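Listed here are the chains, written in short residue letters.
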Amino acid sequence: MMILTVNGLTHQVDAEADTPLLYVLRDDLKLNAAKFGCGLGQCGSCTVMVDGKAVQSCVTPLVLLEGKQVTTLEGLGTISEPAPIQRAFMEEQAAQCGYCIAGMMMRAQALLQSNSKPTDEEIRAELQPNLCRCGTHMRILRAVRRAARLMDTADASPANHGSTP
Amino acid sequence: MTKSGIIGGLLAALCVGGAAGVFAVAWRPAIAAINPPKPQSFDTSLVKRGRELAAIGNCGDCHTARGGKSFAGGVPVPTPFGTIFSTNVTPDPETGIGRWSEAAFRRAMRSGVDRDGQHLYPTFPYDHFTNVSDEDDAALYAFLMTREPVRAPVRQNQLAFPLDHRVLVAGWKLLFLHRGTYRPDSTKSAEWNRGAYLVEGLAHCGACHTPRNALGAERTSASFAGGDVDNWRAYPINAQSPSPVPWDKEALFAYLRDGSHPDHGTARGPMAQVVGNLSEVAASDVQAIAFYMADMFGAPTPDRKRQGEAALAQAKSAPAPASRANAPGGSIYAAACATCHESGRPPPYGGINLGLSTAIAGPDPRNLANIVLSGVRPVEGERSPIMPGFAASMSDAQLAALLNFLRSRFSNQPPWAGVERTVEEARRADTTFLQTFAGPRNAAAEASQRDKP
């Protein structure tokens, strides 16, 4: 039995210490935003935040998460009340097939929480581990820039969404 | 600091001891400035040759700052004595070497003196470059003088008194600089001699792989016995090599040329740049380097050979399931490492079986800690390995547990001492050494540029 805190809620999970976080999120907690892509930590579609940092959940065993705060996309906003990062991705129509987008948003969120005004270079470098096969990279870039602007306004500050580091 | 203080004192004493003698030893005349030669004045085939030589010499790595213009210098080189900044070697007349004649360039390569007659600090490895032939110096000169001139003033070195006085370097040279171009060994083959000329000269392998003495000079008695560079360990590349499978010339060639070998893994850290460069030069030169270095490693003892074969056999057999008794290190390994490192796919796309890893068999866990924290980033425009970094998800204690587990599971060496401290140091250096990772190729090695003069 492992104890896991996700989106502010503590769960008791019937899993071994070496179970990857992604499996528990999707199979046990039914949080399906994080996707299984490669299972090797090479594509980024499973990205979530752990204590405010982007982490690939497919290569993160539960044993590493004791006492840490996991945040998934579901923890940022809802369909009726999307978080700035989600609004920005919708407004820029950044998703094509959408498989990579949850991971992209989580890594972008982690970036914006530590650096509210990243340069294009910084956004590109930070999102480098996340792959998109549809080729919407330019829209994703625009969406991250838009999210930075949205978060810059007081009513949508990053502190109101997701875990604070 | 204390160490450099003592060294400083010694050097100061040396200096005061014979001021007049020192003047005679240290004074070098300026070489007249020239008008920067026109790029068209250089023979294109000479420039091309210079491009390859610059790649072998890894010039761009030290003389190009991250995100900066090629060869414009400004890279901080940390040394036990202070930080030295690399110089601008583009043909800019004011801040680069635009006003240097070929004779001035050759003098710098041969004896570490700049055009003005000032002694250069030996971070510029002229103790190796002194071996480079006039012909190759001419090609390197032609290559550098045809680069884009970049206006980039040289940054001030950060050295404590008295080391900020370049005259002291003259004393260092008396002790450690053995001037003279490479003299072939007639008892050895042409390929061996070619390899020796490159390794001991332009390629300056010993600059990282040979330990240094208190005065920062390579210990010739411990050639290739391993050294430190940019927070990485440069492994011993002689009979003391800790690699589980002994190196031979075929493996060395494949590794230096392709950046990885199925029995040894991939070249990362500062070595990534080196193999990136060597993928672009004449295969015969890489073969010669491999041939000579195989001789430096020496033929493995029968015992060593047997151990290598055993490591290979074990790597190929089905892995034993990770023991739960080793939790949490074993659990971390099972979820975070085994999926790639037990996949059986050869590098660069699969991780090597860790029983073959020199990082795990080596005398300390520094390189392993670096790699686990920062991962291996893909290199733009190259078929290169990828490994996610775990700095964001592993605490120091968890990383230490993992390293201890890997050591006990995948090597027959005794446990490492001071793993926690190494992990802390690696974490602290993390942001610094990330900058040596996967930077853009230097101009000397860009494939798209290869056929251009």
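This structure is a prediction, so every number in the text was calculated from the model and none was measured. (Residues numbered from 1 in each chain as written. Chains lettered and ligands numbered in written order. Predicted model: local features only at pLDDT ≥ 70, side-chain atom pairs only at ≥ 80, totals over all residues. Heavy atoms only, no water.)

**Examining the overall build of chain B**
For clarity, the cut-off: In this text, helices come from DSSP runs of H or I with a minimum length of four residues, and strands from runs of E with a minimum of two, each type numbered from the N-terminal end. Residue burial is assigned from relative accessible area. The probe radius is 1.4 Å, only protein chains are included, and a residue is buried under 20% of its type maximum, exposed over 50%, and partly exposed in between. What makes two residues a contact is simply this: any of their non-hydrogen atoms within 4.5 Å. To be clear on the numbers: accessible area is Shrake-Rupley with a 1.4 Å probe, and residue cover counts the displayed protein chains and nothing else.
Counting its secondary structure elements, chain B contains 19 helices and seven strands. Residues classed as buried in chain B amount to 52% of the 453 residues present. Pairs at least 24 apart in sequence give 69% of the contacts found in chain B among residues at least 6 apart. Carbon together with sulfur atoms contributes 56% to the accessible area of chain B, which is approximately 21000 Å² in total.

**Looking at the interface of chain A and chain B**
One frequently used descriptor of interface size is the decrease in accessible area upon assembly of the parts. This is how the line gets drawn: Joining two parts hides part of their accessible area as seen by a 1.4 Å probe, and the buried area is that hidden amount summed over both. Here, a salt bridge means any Lys or Arg side-chain nitrogen found within 4 Å of an Asp or Glu carboxyl oxygen. A 3.5 Å cut-off defines polar contacts: any pair of N or O atoms within that distance qualifies, except that in protein one atom must be a possible hydrogen donor and the other a possible acceptor, and neighbouring residues in sequence count only when both atoms are side-chain atoms.
Counting from both sides, the interface comprises 22 residues of chain A and, opposite them, 21 residues of chain B. A combined buried area of about 1700 Å² lies between chain A and chain B, and 57% of that area is made up of carbon and sulfur atoms. Viewed at the interface, chain B and chain A are joined by zero salt bridges. The interface formed by chain A and chain B contains five residue pairs in polar contact (both at pLDDT 80 or more). Here the side of chain A that touches chain B takes four residues from strand S4 (residues 53-56) of chain A, the largest share from any one element.

**Observations regarding the side chain of Ser331 of chain B**
Turning to its location among the elements, Ser331 of chain B is positioned in helix H15 (residues 329-341). When neighbours within four sequence positions are excluded, Ser331 of chain B is seen to be in contact with Ala17, Asp18, Pro61 and Val63 of chain A.

**Quick look at the domain arrangement of chain A**
All names here are of chain A. For the record, the criterion: These domain boundaries are the output of an automatic or database domain assignment.
What the domain assignment lists for chain A is domain 1 (2-75) and domain 2 (84-156). Averaged C-alpha coordinates put domain 1 and domain 2 at centres separated by 20 Å. Taken residue by residue, the interface counts 18 residues in domain 1 and 14 residues in domain 2. Together domain 1 and domain 2 conceal approximately 1300 Å² of surface at their shared face, both sides included; 63% is due to carbon and sulfur atoms. Contact with domain 2 buries surface across domain 1, with Thr47, Met49 and Leu73 losing the most and accounting together for 42% of the total. Run the count over domain 1 and domain 2 and you get three residue pairs in polar contact (both at pLDDT 80 or more). Looking at the side of domain 1 that touches domain 2, the elements with two or more residues in it are strand S3 (47-50) and S4.

**A word on the pairing of strand S2 (residues 82-85) of chain B**
Residues and elements named next belong to chain B. To keep it simple, the criterion reads: One bridge is not enough; two strands pair if DSSP finds at least two bridges between them.
Looking at chain direction, strand S1 (residues 76-79) and S2 are connected through four bridges and run antiparallel. Its bridge partner lying in S2, Val77 is registered against Ile84. Count of turn residues in the S1/S2 antiparallel hairpin: two residues. Judged from the two bridges that link them, S2 and strand S3 (residues 158-159) form a sheet pairing that is antiparallel. From the neighbouring strand, Gly82 faces S3, where its bridge partner is Leu159.

**Observations regarding the confidence of the model for chain B**
Residues and elements named next belong to chain B. Here is the rule: The predictor attaches a confidence to each residue, and that confidence, scored 0 to 100, is pLDDT.
The share of residues in chain B with pLDDT of 70 or more is 88%, and the mean pLDDT across the chain is 88. Within the model, pLDDT remains below 50 along residues 431-453, and this stretch shows 59 contacts once partners closer than five positions in the same chain are excluded. Here the predicted complex carries an ipTM of 0.87, next to a pTM of 0.86.

**Remarks on the sheet that holds S3 of chain A**
All names here are of chain A. For clarity, the cut-off: What counts as an axis is a line fitted to C-alpha atoms, over the stretch in contact for a helix, and the angles between N-to-C directions run from 0 to 180 degrees.
Within the open sheet, the five strands sit side by side as S2-S1-S5-S3-S4. Their pairing is mixed. Two strands in the sheet have a free side with no partner beyond their single neighbour: strand S2 (9-13) and S4. Taking the axes of each pair of neighbouring strands and ignoring which way they run, one obtains an average angle of 40 degrees across the sheet. As defined by bridge partners, S3 adjoins strand S5 (residues 69-71) across two bridges and the pair is classed as antiparallel. In the sheet register, Met49 faces S5, and the bridge partner there is Thr71. Sitting on the sheet, helix H1 (residues 21-28) is in contact with strand S1 (2-6), S2, S3 and S5, with an inclination near 75 degrees to S1. On the sheet, helix H3 (residues 101-114) packs against S3, S4 and S5 and is oriented at approximately 30 degrees with respect to S3.

**Regarding the packing of aromatic side chains**
All names here are of chain B. Inclusion rule: Any Phe, Tyr or Trp ring, taking Trp's six-membered ring, that has another such ring centre within 6.5 Å forms a pair; planes under 30 degrees apart are called stacked, those over 60 apart edge-to-face, and the others tilted. Only lysine NZ and arginine CZ atoms are considered, and such an atom sits over a ring when it is within 6 Å of the ring centre and within 35 degrees of the ring normal.
Applying the stated criterion to the full structure yields 13 aromatic pairs over all chains. Measuring from centroid to centroid gives 5.4 Å for Phe124 and Phe129, while their planes differ by 70 degrees, and the two rings are edge-to-face. A ring pair is formed by Trp192 and Tyr292, whose centres lie 4.9 Å apart and whose planes are at 75 degrees; its orientation type is edge-to-face. Of this pair, Trp192 sits in helix H9 (residues 190-200) while Tyr292 sits in helix H13 (residues 283-297); the two residues are 100 residues apart in sequence, bridging distant segments of the chain. Accessibility classification places Trp192 together with Tyr292 in one group, the buried group. What links up through ring pairs into an aromatic cluster is the set Phe124, Tyr126, Phe129, Trp172 and Phe176. The ring centre of Tyr126 lies 4.9 Å from the NZ or CZ of Lys173, which sits over that ring. When the ring centre of Trp192 is taken as reference, the NZ or CZ atom of Lys188 above it lies at 5.1 Å.

**Side note on the environment of Arg179 of chain B**
All names here are of chain B. Its place among the elements puts Arg179 in the loop between helix H8 (167-176) and H9. Linking Arg179 and His128, residues 51 residues apart in sequence, is a C-alpha distance of 9.2 Å. With residues near it in sequence (within four places) discarded, Arg179 still touches Arg28, Arg110, Ser111, Thr130 and Lys173.

**Focus on the sheet that holds S1 of chain B**
One open sheet accounts for three strands, arranged S1-S2-S3 (chain B); its pairing is antiparallel. Only two strands of the sheet have a single partner each, and these edge strands are S1 and S3 of chain B.

**Quick look at the pattern of salt bridges**
For the coordinates displayed, the defined rule picks out 23 salt bridges over all chains. The partner of Arg233 of chain B in a salt bridge is Asp364 of chain B, and the shortest N-O contact between them spans 2.7 Å. Of the two residues, Arg233 of chain B sits in strand S5 (residues 232-234) while Asp364 of chain B sits in the loop between helix H16 (358-361) and helix H17 (366-374), which places them 131 residues apart along the sequence. Of the residues examined, Arg233 of chain B reaches a relative accessible area of 27% and is grouped as partly exposed. Each of Arg87, Glu91, Glu92, Arg142 and Arg146 of chain A takes part in a single network of salt bridges with overlapping partners.

**Looking at a nonpolar patch on the surface**
All names here are of chain A. Here is the rule: Residues enter patches when their relative accessible area tops 30% and they take part in no salt bridge; the joining distance is 9 Å for like charges and 5 Å for the nonpolar side chains Val, Leu, Ile, Met, Phe, Trp and Tyr.
On the surface, Tyr23, Phe36 and Tyr99 cluster together to form a nonpolar patch covering roughly 290 Å² of accessible area. With respect to the helices and strands, the residue Tyr99 is situated in the loop between helix H2 (84-91) and H3. By relative accessible area, which is 39% here, Tyr99 ends up partly exposed.

**Some words on unusual backbone geometry**
All names here are of chain B. For the bond from Phe161 to Pro162, the omega torsion is 5 degrees, close enough to zero to count as cis. Considering the arrangement of structural elements, one finds Pro162 in the loop between S3 and H8. At His204, a position not held by glycine, the phi torsion is positive, near 35 degrees. Summarising the element assignment, His204 is placed in the loop between H9 and helix H10 (206-209). For Asn231, which is not glycine, the phi dihedral falls at a positive 70 degrees. Mapped onto the elements of the fold, Asn231 is located in the loop between strand S4 (227-229) and S5.

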